[in-house]
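Read off the chains here:
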Amino acid sequence: MNSFPISEQSPIAWSEPHPAECDVVVIGGGVIGICTALFLARAGKRVTVLEKGRIAGEQSSRNWGWIRQQGRDPDEIGIVKDANRLWRELATETNVDIGLKTCGVTYLARTDKEMAEYTAWLQHAKTYGLDSRMLSTAETADLIPGMSHSYKGALYTASDMRAEPWVAVPAIAGIAARAGATLVENCAVRALDVAAGRVVGVVTEQGRIKAPEVVLAGGAWSALFLRRHGVALPQLSVRATVAATQPLPAVYPGGAADPRIAFRARSDGGYTLAAGGYHELFVGPDAFRSLPKYLTQLRHEPFGTRLHAKAPRGFPDAWGTPRHWAEDAVSPFERMRILDPKPNMRKVRGLAHDFGALFPDIGPVRIKSAWAGMIDTMPDVVPVVDRIDALPGLTVGTGMSGHGFGIGPGMGKVLAALVMGDAVGHDLTRFRHRRFSDGTPMRIGPSV
Ligand SMILES: Cc1cc2nc3c(=O)[nH]c(=O)nc-3n(C[C@H](O)[C@H](O)[C@H](O)COP(=O)(O)OP(=O)(O)OC[C@H]3O[C@@H](n4cnc5c(N)ncnc54)[C@H](O)[C@@H]3O)c2cc1C
């Protein structure tokens, strides 16, 4: 089986030492940090992105590559619509083929309950002028021919897109660098530099950077980073396994999912396969700490997540991962340059079987590679995009809850505007940090 394209063995593409001073430091070189840096650089800010491993080494390369407006929380739709437009623009600004294609996303419904949920979500699509619509049994079979199962129908959004994540995010990093952003790989941020209650920079494994503004876009590591500074964030991460097939006959150019299997065509002629609603949580201290906040989600979807007693060594919520460390000591971030969970191979075999069973005429489904990612999630399945009251100078963009790739450019633009104090153009109330502490009842984002 092929190995995953970005690993600790990958050459360091961005290796210059970081500056001693800049306007904004961005912690994390995933899609959120990179897009934030892009828009800050375009606005003339001296911005430095610090990535402990490799650009897009974690979730931002490991995802399914769906650029999906469909099924989103209503408060995300305006941002993801912007993101769709930005993806098209960005694809023209790089010589790299990022595999961007507008070929739709389809949610296949097996039950009347799913049909009802999808139909109910359409009201949000209408409000935001999206082209989402319901398909009948016959229309679904016409859209995706050759399926062995006759579905009740489907929710379909023709304007949704796909791209190849491990190519796309490094390509956007290139655009950000050309716009003036400084990118530094293999450089962990150990802590914020705080003076008189205000963020004045960061402490990295290479030294200090003075900066009046810092953006934390640390994906699955954000809660651990914030805890050291006394800021609570009920973020957990769950393992999600993905497989890529060898090239197969074309069945559908877009992304489609039913509750058992999700698939999308890849630029290399194969399919990316995953088990849509299946995640695995490695229980650690944060899981216990955050449990009360997740009760609503657990009641809502009691069987979606399988529990494991403990996380592998060095994972953000492993029992042995330090919660406190000195600025001049090696931090958990540099001990784990790239969070690279092993895929669940039983699931991988099941995916190959289920895909073959759904498309009986497709021929043998051979898996070319398999990998996993740790999805950072929040109790209400929507992110935190906010300035942190307790630490002036700190902005957080994290907890994208399994759907941050597609919305990345839109969120980057929003975060850049937040940092600069400009009009954001969207209502961010839903994404505020204080919602977990001000008594707001938990409202779970749509699980459609
Ligand atoms: C299997 C899977 C499938 C998915 N499918 C989709 C999909 O189809 N569509 C979609 O929209 N989304 C999808 N997602 C979700 C999407 O990938 C994520 O929401 C998105 O990539 C999050 O981006 P990010 O920049 O916040 O985090 P990440 O990509 O995880 O980046 C965070 C970066 O911060 C770095 N970092 C952390 N702490 C420090 C520190 N102290 N110093 C320096 N660097 C640090 C990390 O090394 C990491 O590279 C999927 C995710 C997974 C795992």
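Basis of the calculations
Throughout this description, residue numbers start from 1 for each chain and increase along the sequence as written. In keeping with the model being predicted, local features are shown solely for residues with a pLDDT of at least 70 and side-chain atom pairs are shown and tallied solely at 80 or more, while totals for entire chains, interfaces and linings include all residues. Excluding hydrogens and water, the side-chain values take into account all heavy atoms of the structure. Every helix listed is a DSSP run of H or I at least four residues long, and every strand listed is a run of E at least two residues long, numbered separately from the N terminus. The globule rule is 2.2 Å times the number of residues to the power 0.38, and the radius of gyration it is compared with is taken over C-alpha atoms. Partly exposed describes any residue whose relative accessible area lies between the buried limit of under 20% and the exposed limit of over 50%, with all areas from a 1.4 Å probe on protein chains only and scaled to the type maximum. Contacts between residues were defined by any pair of non-hydrogen atoms, one from each residue, lying within 4.5 Å. Every accessible area reported is derived by Shrake-Rupley at a probe size of 1.4 Å, with residue values counting cover from the shown protein chains alone. None of His or the chain ends enter the tally, which takes Lys and Arg as positive and Asp and Glu as negative. A charged residue contributes its charge at one atom only: NZ of Lys, CZ of Arg, CG of Asp or CD of Glu. Two strands pair if DSSP finds at least two bridges between them. In this scheme, the bend at a residue equals the angle between the axes fitted to the seven residues that finish there and the seven that begin there. Between 30 and 60 degrees the pair is tilted, below 30 it is stacked and above 60 it is edge-to-face, where a pair is any two Phe, Tyr or Trp rings, Trp via its six-membered ring, whose centres lie within 6.5 Å. When we say a residue is near a molecule or strand, we mean one of its heavy atoms is within 4 Å of it. Any pair of nitrogen or oxygen atoms within 3.5 Å is treated as a polar contact; in protein, a donor-acceptor pairing is required on top of that, and neighbouring residues in sequence qualify only through side-chain atoms on both sides. Classification convention: Asp, Glu, Lys, Arg as charged; Ala, Val, Leu, Ile, Met, Phe, Trp, Tyr, Cys, Pro as nonpolar; all other residues, Gly among them, as polar. In this description, a nonpolar core means a group of buried Ala, Val, Leu, Ile, Met, Phe, Trp, Tyr and Cys residues linked to one another through side-chain atoms lying within 4.5 Å.

A. Local environment of the overall build of the chain. The number of helices and strands found in the chain is 11 helices and 22 strands. Relative to the 2.2 N^0.38 estimate, which gives 22 Å for 448 residues, the radius of gyration of the chain is 21 Å and therefore close to what a compact globule would have. Referenced to the eigenvectors of the C-alpha coordinate spread, the extents of the chain come out at roughly 65 × 45 × 45 Å. Evaluated residue by residue, the chain yields a buried proportion of 60% over its 448 residues. Taking all contacts inside the chain whose residues are at least 6 apart in sequence as the whole, residues at least 24 apart take part in 76%. A total of about 17,600 Å² of accessible surface is found on the chain, and carbon and sulfur atoms cover 54% of it. Measuring between centres, the 51 positive side-chain charges of the chain sit 4 Å from its 44 negative side-chain charges.

B. Region of the structure containing the sheet that holds strand β4 (residues 101-102). In space, the 3 strands of this open sheet follow the order β3-β8-β4, with antiparallel pairing throughout. Because the sheet does not close on itself, it has two edges, and the strands there are β3 (66-67) and β4. In terms of strand pairing, β3 meets strand β8 (residues 161-162) through 2 bridges, oriented antiparallel. Residue pairing across strands places isoleucine 67 opposite methionine 161, the latter belonging to β8.

C. Focus on helix α11 (residues 404-420). For α11, the principal kink sits at glycine 410 and spans about 40°. α11 sits mainly inside the fold: 15 of its 17 residues count as buried. Backbone geometry just after α11 places glycine 421 at a positive phi near 75°.

D. Broad picture of the packing of aromatic side chains. With the rule as written, the count across this model stands at 15 aromatic pairs. On the numbers, 5.4 Å between centres and 90° between planes, the contact of phenylalanine 263 with phenylalanine 359 is edge-to-face. Taken together, the positions of phenylalanine 263 in strand β16 (residues 262-265) and phenylalanine 359 in the loop between α10 (345-358) and β20 (367-377) put the pair 96 residues apart, joining distant regions of the chain. For phenylalanine 263, a relative accessible area of 0% corresponds to the buried category. The exposure class assigned to phenylalanine 359 is buried, which follows from its relative accessible area of 2%.

E. Molecular detail of the site of the ligand. The environment of the ligand is made up of 37 residues, and the closest members are Glu51, Ser60, Trp66, Gly404 and Gly406. In the environment of the ligand, an oxygen atom lies 3.3 Å from a nitrogen or oxygen atom belonging to the backbone of valine 31. Between the ligand and serine 60 there is a distance of 2.5 Å, counted from an oxygen atom to a side-chain nitrogen or oxygen. Of all the secondary structure elements, the ones that give two or more residues to the shell around the ligand are α1 (31-42), α2 (59-62), β14 (236-245), β20 and α11. Counted by class, the shell around the ligand contains 18 nonpolar, 14 polar and 5 charged residues.

F. Quick look at the nonpolar core. Val26, Ile34, Val47, Trp87 and Val385 are the most contacted members of the largest nonpolar core, which has 56 residues in total. Elements represented by at least two residues in this core include exactly β1 (24-27), α1, β2 (47-50), α3 (74-92), α6 (165-178), β14 and α11. Per-element tally for this core: the top contributor is α1, with 9 residues. Not counting residues within four places of it along the chain, the set of residues in contact with valine 385 comprises Val396, Met400, Met411, Val414, Leu415, Leu418, Leu428 and Phe431.

Without other data, these values stay purely geometric and don't point to any function.
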